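Geometric and topological summary
These are the residues of each chain, in order.
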Amino acid sequence: MPAEKSRPDKHHAITQAASEMFLAEGFERASLDQIAHRAGVSKQTIYSHFADKEALFKAICVELTEKLTIPLRQPRQKDGADLRNLLIRLGDDALAMMLHPASLDLHRLVLNAAARFPELGRAAYEAGAARMIDDVATLLSQRSQSGEELPRVLGEAEARVMAEQFIGMLRGFHQIRGLLGVDAIPVAERRDYVRSCVELLLRGG
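Below you will find a few notes about this structure. (Residues numbered from 1 in each chain as written. Predicted model: local features only at pLDDT ≥ 70, side-chain atom pairs only at ≥ 80, totals over all residues. Heavy atoms only, no water.)

Describing the overall build of the chain
Our working rule: Numbering of helices and strands starts at the N terminus; helices are DSSP runs of H or I of at least 4 residues and strands are runs of E of at least 2. Here's how the labels work: a residue is buried when its accessible area is under 20% of the maximum for its type, exposed when over 50%, partly exposed in between, all with a 1.4 Å probe on protein chains only. Residue contacts are defined here by distance: any two heavy atoms, one from each residue, within 4.5 Å place the two residues in contact. All accessibility values rest on the Shrake-Rupley procedure with a 1.4 Å probe; residue burial counts only the protein chains present in the view. By the counting rule applied here, Lys and Arg register as positive and Asp and Glu as negative, while His and the ends of each chain are not counted. Note that the charge is assigned to NZ on lysines, CZ on arginines, CG on aspartates and CD on glutamates.
Counting its secondary structure elements, the chain contains twelve helices and zero strands. Ordered by position from N to C terminus, the α and β elements of the chain give α-α-α-α-α-α-α-α-α-α-α-α. Reported as C-alpha extents along the three principal axes, the dimensions of the chain are approximately 60 × 40 × 30 Å. The proportion of buried residues among the 205 residues of the chain is 42%. Look at the contacts in the chain between residues 6 or more apart in sequence, and 71% of them connect residues 24 or more apart. Accessible surface for the chain amounts to roughly 11,000 Å². Of this, 54% is attributable to carbon and sulfur atoms. Separation of charge centres in the chain, based on 27 positive and 28 negative side chains, amounts to 2 Å.

Notes on helix α9 (residues 129–144)
Threshold: Multiplying one less than the number of residues by 1.5 Å gives the expected span of a helix.
The end-to-end C-alpha distance of α9 is 22 Å, a good match for the 22 Å that 16 residues give at a rise of 1.5 Å each. For α9, the set of buried residues is Ala129, Ala130, Met132, Ile133, Val136, Ala137, Leu139, Leu140, Ser141, Arg143 and Ser144. Those residues of α9 that are buried are in contact with α6 (83–99), α8 (118–127), α10 (156–171) and α12 (187–204).

Brief notes about the side chain of His174
The following threshold applies: Whenever two N or O atoms come within 3.5 Å, that pair is a polar contact, provided that in protein one can donate a hydrogen and the other can accept it, and provided that, for residues adjacent in sequence, both atoms are side-chain atoms.
Looking at where His174 falls in the secondary structure, it is placed in helix α11 (residues 174–179). Side chain to side chain, His174 and Arg177 meet in a polar contact 3.1 Å long. Ignoring any residue separated from it by four or fewer positions in sequence, one finds His174 in contact with Leu95, Leu99, Ile185 and Tyr193.

Some remarks on α12
Worth spelling out the cut-off: In this description, one arc is meant: the one made by directions from the helix axis to the C-beta atoms.
Compared with an ideal rise of 1.5 Å per residue, which puts 18 residues at 26 Å, α12 spans 26 Å between its outermost C-alpha atoms and is within 8% of the ideal. Every buried residue of α12 is accounted for by Arg190, Val194, Cys197, Val198, Leu201 and Leu202. Buried residues of α12 fall within an arc of 130° about the axis and therefore sit on the same side. Exposed residues lying more than 90 degrees from the buried face of α12 are Ala188, Asp192, Arg203 and Gly204. Residues of α12 that are buried make contact with α6, α9 and α10.

A short note on the packing of α6 against α12
Helices that pack against each other are described as a pair by the angle of their axes relative to one another and the distance between those axes. Our working definition: Every axis corresponds to a line fitted to the C-alpha atoms, with the helix fit spanning only the stretch in contact, and the corresponding angles, defined between N-to-C directions, vary from 0 to 180 degrees. Here the angle decides the label: under 35 degrees means roughly parallel, over 145 means roughly antiparallel, 65 to 115 means roughly perpendicular, and every other value means oblique. If you view the pair so one helix is near and one far, a crossing is left-handed when the near helix is turned anticlockwise from the far one by less than a right angle, and right-handed when it is turned clockwise. Only Asp, Glu, Lys and Arg are considered charged, only Ala, Val, Leu, Ile, Met, Phe, Trp, Tyr, Cys and Pro nonpolar, and every remaining residue, Gly among them, polar.
Between α6 and α12, whose axes approach to 9 Å, the crossing angle comes to 130°. If you check the angle between α6 and α12, you find them oblique. In terms of crossing hand, the pair formed by α6 and α12 is right-handed. Across from Leu83, Arg84, Leu87, Ile88, Gly91, Asp92, Leu95, Ala96 and Leu99 in α6, the residues of α12 making contact are Arg190, Arg191, Tyr193, Val194, Arg195, Val198, Glu199, Leu201 and Leu202. For the contact of α6 with α12, the residue count by class is eleven nonpolar, one polar and six charged.

A look at the nonpolar core
Short version of the rule: Here the nonpolar core consists of buried residues drawn from Ala, Val, Leu, Ile, Met, Phe, Trp, Tyr and Cys, with membership extended through side-chain atoms lying within 4.5 Å.
Grouped together as the largest cluster of nonpolar side chains are 57 residues, with contacts concentrated most on Phe22, Ile35, Leu56, Phe57, Leu87, Leu140 and Phe166. Ranked by the residues each element gives to this core, the list is headed by α6, at ten residues. The residues contacting Phe166, other than those within four sequence positions of it, are Leu87, Leu90, Val136, Cys197, Val198 and Leu201.

Put into structure tokens, the structure is as follows:
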């Protein structure tokens, strides 16, 4: 058992198969037998990595959230770009991430499971929206100190409110349309939309 558990290829096969099954079938309909068959392992091998189906499901949701938000965790202040361009780049990455098919599938999955696993909803929020809000609030607060890009110095609470407003503007109805299967706007229009959100944020600051 310990040797089996230590094999990263088995762990990857299980999580990959579980991701596909949970996204396709949901928590209730996906079974460990199906996951084991898809992964090419025994059900006992799954139990050597995860305590039960719930533990596997939670691990998959957190892993997918972390993977999808990688672009939002890249350093953005090393190149000396002005605030407007930093926000545009972050906004482009954030909205593209929200509308990615895997992200929409994960969003549906977590919403359906949140009532049963409230801690899963919190974990997904902390890894996604909360992290974006924290990053934008920190950026706004730091850049407001110079007085060059924002008209006044922002306190922590005010910067956080502005960050939440900005993320909310970015999301707009784009994510709702994606979740409902409505065609997304063209990429060029989406980028124009992000730029308009940034302009509104800076004017309102």
